[in-house]
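# Coordinate analysis (summary)
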Amino acid sequence: RVSVFIPDAVTYEQVDPTSSRNAGKAFGEFESMLVDLPEQLGETIPDFHNMELRARQLQEAIEQDKAGRVAGVADIIADLQKDMHEMGKLPKRICHCDTKVNNMMYDKQGNVLCVIDLDTVMPSFVFSDYGDFLRTGANFVAEDDPKIENVGFNQDIFRAFTEGYIESARSFLTPVEVENLPYAVALFPFMQCVRFFADYLNGDTYYKIAYPEHNLVRTRNQQALYHRVTDNYDMMDNFIRTLI
């Protein structure tokens, strides 16, 4: 590809309320610009955020037990299967699908110039862009931190990102999409938990690991984040209502 070069532009790695609000606004504007795109885009990564597929993959991993690990993780299996039925189908739009804070360019004065890293742009759910940012940005620790007691949901990051996102995306969001934004925040740690867990049961064939229990640590981390998020459902719902 040949792209326009933007001089004196920088990116930032830090996730704080200011950068999170900027990210919410930038990715909401990105979706808004593409909401009436007349052409149908192909899926760069088919079924990338398809929860039903991930659920089937996990069930297959449990049944096959390729690495002989199922017996030792019955507690995780019971917890995930209990909540699996709650994950349903969502409407699709054109989304970025990789909403990290460093996928925006700033000028030297700190103003957001544009969204970058467009290789994952494809039809998906607005929940993909909204929920996936908060999965990483609003966790107090990294997704593979073994100190599960430190996992938590950062309400300040949630509020800042949501303010920016609603400000720029409210022009096209439907009532049902707005109503289910808290569900989106829970969906993504749940889905990532399922993916890490299935890979662990399959013998670590997809994600790179640094030690034998790496995927299990990731699983428990994201499982804990999912529960912390669901504990905050009422807070999220009430906050979003104040913005609308």
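One can find the structure itself at the top, above this paragraph.
Counting from 1, residues in each chain are numbered in the order their sequence is written. The predicted nature of this model means local features are confined to residues of pLDDT at least 70 and side-chain atom pairs, given and counted, to a pLDDT of 80 or more, with totals for whole chains, interfaces and linings taken over all residues. Calculation of side-chain values draws on the structure's entire complement of heavy atoms; hydrogens and water are dropped beforehand.

## Concerning the pattern of salt bridges
The working definition used for a salt bridge is a side-chain nitrogen of Lys or Arg within 4 Å of a carboxyl oxygen of Asp or Glu. Following the criterion strictly, the structure yields 11 salt bridges and no others. Glu-177 is paired through a salt bridge with Arg-93; the nearest N and O atoms lie 2.9 Å apart. With Glu-177 in helix H6 (residues 175-179) and Arg-93 in strand E1 (residues 93-95), the pair connects residues that are 84 residues apart, well separated along the chain. If you follow the salt bridges from partner to partner, you end up with Arg-21, Lys-25, Glu-163 and Glu-167 in one network. Each helix is a run of DSSP H or I of at least 4 residues and each strand a run of E of at least 2, with the numbering of both proceeding from the N terminus.

## Observations regarding the environment of Tyr-12
The residue Tyr-12 is located in the segment before helix H1 (17-34) in this model. For Tyr-12, a relative accessible area of 36% translates into the label partly exposed. Considered as a pair, Tyr-12 and Tyr-106 are 94 residues apart in the sequence and their alpha carbons are 8.1 Å apart. Throughout, a contact is declared for two residues whenever any of their heavy atoms are within 4.5 Å. Tyr-12 has contacts with Val-101, Asn-102 and Tyr-106, leaving out every residue within four places of it along the chain. To sort residues, take the accessible area from a 1.4 Å probe on protein chains only and compare it with the maximum for the residue type: under 20% means buried, over 50% means exposed, and anything in between is partly exposed.

## Some points on H1
Helical periodicity: at 3.6 residues per turn, an α-helix aligns residues three or four positions apart in one direction. One less than the number of residues in a helix, times 1.5 Å, gives the span that helix is expected to have. Taking 1.5 Å of rise per residue, the 18 residues of H1 would be expected to cover 26 Å, and the 26 Å separating its terminal C-alpha atoms lies within 8% of that figure. By the burial criterion, the buried members of H1 are Ser-19, Ser-20, Ala-23, Gly-24, Ala-26, Phe-27, Gly-28, Phe-30 and Glu-31. On its buried side, H1 packs onto E1, strand E2 (104-106), strand E3 (112-115), helix H4 (126-137) and helix H5 (155-169). With a side-chain oxygen positioned 3.1 Å from the backbone nitrogen of Thr-18, the residue opening H1 is Asp-16. Two N or O atoms count as a polar contact when they lie within 3.5 Å, although within protein this holds only if one can serve as hydrogen donor and the other as acceptor, and sequence-adjacent residues are included solely when both atoms are side-chain atoms.

## Thoughts on the nonpolar core
Soluble globular proteins: nonpolar side chains tend toward being buried together. To form a nonpolar core, buried Ala, Val, Leu, Ile, Met, Phe, Trp, Tyr and Cys residues must be joined to one another through side-chain atoms within 4.5 Å. Counting residues in each nonpolar core, the largest one holds 63 residues, and the members touching the most others are Tyr-130, Leu-134, Phe-158, Phe-197 and Leu-201. Sorting elements by how many residues they give to this core places helix H7 (residues 181-201) first, with 15 residues. When residues no more than four places from it in sequence are discounted, the contact partners of Phe-158 are Tyr-130, Leu-134, Phe-153, Met-235, Met-236, Phe-239 and Ile-240.

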